[in-house]
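Results of the structural survey
These are the residues of each chain, in order.
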Amino acid sequence: MTGTCHLHELLQPHDVDRLDDSFSVVVVVVLLVLVSTTEAKVPAVIVFGDSSVDAGNNNFIPTVARSNFQPYGRDFSGGHATGRFSNGRIATDFIAQGLGIKPFIPAYLDPAYNISDFATGVTFASAATGYDNATSDVLSVIPLWKELDYFQDYQKKLKAHLGEKQATQTITEAVYIISVGTNDFLENYYAFQGGRQSQFTITQYQDFLAGIAESFVKKLHGLGARKISLGGLPPMGCMPLERTTNVMGQHTCVESYNNLAVEFNGRLSNLVVKLNKQLPGVNLLFSNPYYAFMHIILRPALYGIEVTEVACCATGMFEMGYACGRTNPFTCPNADKYVFWDAFHPTEKTNHIIADYVLKKVLYKFV
Ligand SMILES: *[C@@H]1O[C@H](CO)[C@@H](O)[C@H](O)[C@H]1NC(C)=O
Ligand SMILES: *[C@@H]1O[C@H](CO)[C@@H](O)[C@H](O)[C@H]1NC(C)=O
């Protein structure tokens, strides 16, 4: 994708027609400059996190947290089920495209790609992981600390491939995206009464997770990262799986989970302010998808979406992973009409809207 294409996404032709005073012309010129310098400034997008940003790493480890089978990926290029938990691309793919780099970000463990591909973007993410080591243990996936080990391994390969100087420049100028946390609450804390719940109150657990987020960002900075986006939680009480279990609430969004997401996002936002003061040369941004996501759920028609309560896949009430994979006559024909693809993950359509929002509101500060 070129910068020009990105401009079309930012400004539709009818918007340009309306821009007639000189202030608006200045805005357009500034946008043009911003967009045309994008390619030069961001050499790579490097991703850490969970299923929101995993492009198939879990296909290469022994876990049931997988999605490399139909109908996953049916709207991806070639109808290919890559291991992304969606019908098509995920938000980080659209972000890489919007930054003028490439249309999708490959998974580090996928042998179909090599360092030539990874030099401009790579994801170390693993579906079902969390900040907490105990979360990655639930489905035997890659713990967050190990994603950093892979990043160190990547740096060695990058240096061998590009040479020390250019590799260091790539590492310094790259955009780093961290997207994780939902599973710590829904797959771990609230799923097991005898586990973290017996050790921490929910407030203490949030502090525990925020502490891990802090040390993760510090280690990443120590490894040379400077442009870092720390992602917030979505309205996780509105995921179809949570609605399904909300029988007393007549399948509305689980308000307590949404409130928890807002509260935890507040902690992450404070952390970002603090670390920007502490870490030399860092440009750390908080990317909060919560309100944009909520807007889609509350006003779906504005986005051409019709169904918010249930997912496209199977009955849409609880299936994900292998349960979604079984040939199911109920799977919807057009995922673009749905907010959610499976009971826990957004459709490509939703991913695209959120990615464009985050690019325009937050990540443009990196270019
Ligand atoms: C990566 O793979 C491509 C073909 O898939 C090949 O042309 C290229 O030389 C490989 N790069 C490295 C560094 O191995
Ligand atoms: C998670 O596990 C790693 C590796 O064993 C360890 O270094 C780290 O301290 C653990 N994190 C926490 C918060 O216990």
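Residues numbered from 1 in each chain as written. Chains lettered and ligands numbered in written order. Predicted model: local features only at pLDDT ≥ 70, side-chain atom pairs only at ≥ 80, totals over all residues.

Here we come to the overall build of the chain. Across its full length, the chain carries 16 helices and seven strands. A buried classification covers 47% of the 367 residues belonging to the chain. Residue pairs in contact within the chain that sit at least 24 positions apart in sequence constitute 70% of those at least 6 positions apart. (Helix = DSSP H or I, 4+ residues; strand = E, 2+ residues; numbered from the N terminus. Buried ≥ 20, exposed ≤ 12 C-beta atoms within 10 Å, placed from the backbone. Contact = placed C-beta atoms within 7 Å.)

What follows deals with the site of ligand 1. As a structural note, the neighbourhood of ligand 1 is formed by N114, I115, S116 and H161. Across the shell around ligand 1, the residue classes break down as one nonpolar, three polar and no charged. (Near = placed C-beta within 6 Å. Nonpolar A, V, L, I, M, F, W, Y, C, P; charged D, E, K, R; others polar.)

This next bit is on helix α4 (residues 91-98). Within an α-helix, residues lying three or four positions from one another point in the same direction, as the helix has 3.6 residues per turn. Most of α4 is tucked away, with eight of its eight residues classed as buried. Within α4 the residues assigned to the buried category are A91, T92, D93, F94, I95, A96, Q97 and G98. Count one or two residues on from α4 and you reach G100, which has phi positive near 80 degrees.

Attention now moves to the packing of helix α11 (residues 202-222) against helix α13 (residues 255-278). Their axes nearest at 10 Å, the elements α11 and α13 cross at an angle of 35 degrees. Here α11 and α13 pass one another in a crossing that is right-handed. Packed against α11, whose contacting residues are Q206, A210, A213, E214 and V217, the element α13 presents E263, F264, R267, L268, L271 and L275 at the interface. Per-class residue counts for the contact of α11 with α13 are seven nonpolar, one polar and three charged. (Axes fitted to C-alpha atoms, helices over the stretch in contact; angles between N-to-C directions. Left-handed = near helix turned anticlockwise from the far one by under 90°.)

Further remarks concern the nonpolar core. In this structure, V45, V47, I95, V175 and Y176 are the most contacted members of the largest nonpolar core, which totals 88 residues. Residues within four places of V47 in sequence aside, it is in contact with V53, T92, I105, T123, F124, A125 and I177. If you look at the next biggest cluster of nonpolar residues, it comprises eight residues, including A65, Y72, A81 and F85. (Core = buried A, V, L, I, M, F, W, Y, C linked by C-beta atoms within 7 Å.)

If you walk across this open sheet you meet the five strands as β2-β1-β3-β4-β5, and the pairing is parallel. The outermost strands of the open sheet, each flanked by one partner alone, are β2 (121-123) and β5 (283-287). Mean inter-strand twist for the sheet, computed between neighbouring axes without regard to direction, equals 15 degrees. Here strand β3 (residues 175-179) pairs with strand β4 (residues 227-231) via four bridges, running parallel. (Pairing = 2+ DSSP bridges.)

Here β3 lies mainly inside the structure; five of its five residues are buried. Bridge count for strand β1 (residues 45-49) against β3 is five bridges, and the pairing is parallel. Among the inter-strand pairings, V45 is bridged to a residue of β3, identified as V175.

Going from Q70 to P71, the amide bond is cis rather than trans, its omega being 5 degrees. Structurally, P71 can be placed in the loop between β1 and α4. The phi dihedral of Q250 falls on the positive side, at around 50 degrees, and the residue is not glycine. Mapping Q250 onto the fold places it in the loop between α12 (240-245) and α13.

This paragraph deals with the environment of N265. Residue placement: N265 occurs in helix α13. The spatial distance from the C-alpha of N265 to the C-alpha of G232 is 5.3 Å, given a sequence separation of 33 residues. Apart from residues lying up to four places away in sequence, N265 is in contact with G232, L233, N288 and Y290.

With that settled, consider the packing of helix α7 (residues 144-162) against helix α8 (residues 164-173). α8 packs onto α7 with a crossing angle of 130 degrees between their chain directions and a minimal axis gap of 7 Å. Considering the angle they form, α7 stands oblique to α8. The two elements α7 and α8 cross, and the hand of that crossing is right-handed. In contact with Q155, L158, K159 and L162 of α7, α8 contributes E164, Q166, A167, T170 and I171. The class makeup of the residues in the contact of α7 with α8 is four nonpolar, three polar and two charged. (Parallel < 35°, antiparallel > 145°, perpendicular 65-115°, else oblique.)

The next subject is the environment of Y338. Of note, Y338 is situated in the loop between α15 (322-325) and β6 (340-342). For the pair formed by Y338 and E309, sequence separation is 29 residues and the distance between their alpha carbons is 8.7 Å. Apart from the residues within four sequence positions on either side, Y338 is in contact with I305, V307, A311, C312, C332 and T347.

Here the focus is the environment of F344. Relative to the elements of secondary structure, F344 occurs in the loop between β6 and β7 (345-346). C-alpha of F344 to C-alpha of A311: the two residues are 33 residues apart in sequence and 8.3 Å apart in space. The contacts of F344, once residues within four sequence positions are left out, are M239, L241 and M320.

In this section: the confidence of the model for the chain. Parts of the prediction with low pLDDT should not have their coordinates interpreted in detail. Mean pLDDT over the chain: 91, with 89% of residues reaching 70 or higher. The model gives residues 1-33 a pLDDT under 50, and that stretch makes 26 contacts with residues more than four places away or in other chains. (pLDDT = per-residue confidence, 0-100.)

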